[in-house]
Amino acid sequence: MAPSMARSRGVLALMAITSFVTVWLCRLPQLNLDITRGPLLQRHLDLSLPDAPFIGWPLERVCSETIWTPGLVFVCDTNSGGIGNIRNYMLTCLRYAIDAGATGLVMPRIRVRSGKDLSDITAENYQPFTYFFDEPHFRQSLQSSCPRITVYDATSDVPNAPAPFKTEEITPKNLGRRGGCDRRDHNKHTDLFAPAFANHLRSTAAEFNLPHPPSPEHPRIFRLTWGVQFEWPVFRDGPEFASSFGGLLRFRPDILALGNKVVAHMRQYARPFDADSHSGRFVGYHLRTENDALDFWPGFANQSKAYLARSQQMGYDMKAGYLATGNKTEAYKFFKDATVLHGMRVTTKDLLLENRKEDLAALEKLTWDQQAVVDFIVLLQSDLFLGVSPSSFSMNVALKRHLQAEGLHTRPWRIGGEGDGRSWLMGKYEQFWDDWLFMYEAMWP
């Protein structure tokens, strides 16, 4: 074969391959270079911040794969506890609702603990979504990513709902066969939940002579039972979804603003003790010793000793600390230990605001759990965070902070050990169930 003919055939082959690749690439989804979409710019976003932008395309992708059922409505209000538990319950319930194909969601309410007994977390005392969260942000973000879901203000707004209003209760993981599973384990059947739930709809419709499938004229309304908050393995839909889904629940604007003010005051407080950078670096501590803490959790002595020792190892020359606790008596004991043993100055939100009357008045108007959200916001922005496992509050702060380095591509938190360099959680890491380590796999950052 002549060299010129071989070269011609090579050129033609190259042109054919180039044309094929060009056509194939044109069929791929086009990247929208918006700050809230696509991987290029998002890798530079700090998703650990409490006011980070919501990135919707991972949720949009999940919703685009959903088979929707008109007339199917979910109610997500069987929550209880502090901000860590309630936040995770709402997100987990919503994730189940999406997989079930629900086209309706009643705006979640928040069940608040008793004001007289902090350990009473199941009192039938409900507050609106805005007790903790930014409702316009939630509505707009969910609508833009999952337009098939209609959010109803209240159960009374669901068209053609039964009167008197009544929901059907389900425990999702009971729809799968759980032989050999520990009762505390997260749902091992999430991949099979949608068909299992569809079968549940059919079988119960036949059993109780209900119209099937549901429709706007004959809706079926479901409420998940208490305790589902640590069931869904969050990385099931990929790291992008796990890292962004929690952004639906942004804190209420006034609480967020107050928390950011406390951060600014804390940095000002810390500057005299920050000899090298003068930037006001500080360590954040979560002391979990209030009277609703469980008996088998580490007590004050163990937490205080471990925190102060670890902060000296990891915090190097940081000599200022912020303490989040609802126990004022033990807060002062911690202050003394920090000063005498390590030469540190530690303070709290109340002390930082005591000479700022307007901000202090705003803080004092908040309930005990709402004030904990202020702590949550400050701890997210500390230069080092030390908390306790298995407190859902500490876990949630650490996992949210863990998003800073890798953003949407954040890998799971390594349970136990030395933390990630920004956060460390003391606790027992010996038994997966009894030490509540399963929670790490089912908590939304």
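Up top you'll find the structure we're talking about.
Here the structure is a predicted model, which means the values were calculated and not measured. (Residues numbered from 1 in each chain as written. Predicted model: local features only at pLDDT ≥ 70, side-chain atom pairs only at ≥ 80, totals over all residues. Heavy atoms only, no water.)

Visitor: Quick question: what am I supposed to make of unusual backbone geometry here?
Guide: With the exception of glycine, the majority of residues adopt a negative phi angle, and the majority of peptide bonds are in the trans configuration. The peptide bond linking A163 to P164 adopts the cis configuration, its omega dihedral lying at 0 degrees. One can find P164 in the loop between β5 (150-152) and β6 (168-170). Cis rather than trans, the peptide bond between S389 and P390 has omega equal to 20 degrees. Mapped onto the secondary structure, P390 falls in the loop between β11 (384-388) and α14 (392-401). The residue N209 is not glycine, and still its phi comes out positive at about 55 degrees. Residue classification places N209 among the exposed residues on the basis of a relative accessible area of 70%. (Helix = DSSP H or I, 4+ residues; strand = E, 2+ residues; numbered from the N terminus. Buried < 20%, exposed > 50% of the residue type's maximum accessible area, 1.4 Å probe, protein only.)

Visitor: Sorry if this is basic, but what is going on with the environment of E60 here?
Guide: Residue position: E60 is located in helix α3 (residues 57-64). Residue classification places E60 among the partly exposed residues on the basis of a relative accessible area of 32%. Taking the C-alpha atoms as reference, E60 lies 6.0 Å from C146; in sequence the two are 86 residues apart.

Visitor: I keep staring at the packing of helix α8 (residues 253-270) against helix α13 (residues 368-380) and nothing clicks. Help me out?
Guide: Think of two packed helices as two axes; the pair is described by the angle between the axes and how far apart they sit. Contact pair α8 / α13: the axes reach a minimum separation of 8 Å and the direction vectors enclose 50 degrees. Here α13 runs oblique to α8, going by the angle between their axes. Read as a crossing pair, α8 and α13 show a hand that is right-handed. Between α8 and α13, the residues in contact are I255, L256, L258, G259, N260, V262 and V263 and Q370, V373, V374, I377 and V378, respectively. The residue makeup of the contact of α8 with α13, split by class, is nine nonpolar, three polar and no charged. (Axes fitted to C-alpha atoms, helices over the stretch in contact; angles between N-to-C directions. Parallel < 35°, antiparallel > 145°, perpendicular 65-115°, else oblique. Left-handed = near helix turned anticlockwise from the far one by under 90°. Contact = heavy atoms within 4.5 Å. Nonpolar A, V, L, I, M, F, W, Y, C, P; charged D, E, K, R; others polar.)

By themselves these figures say nothing about function.
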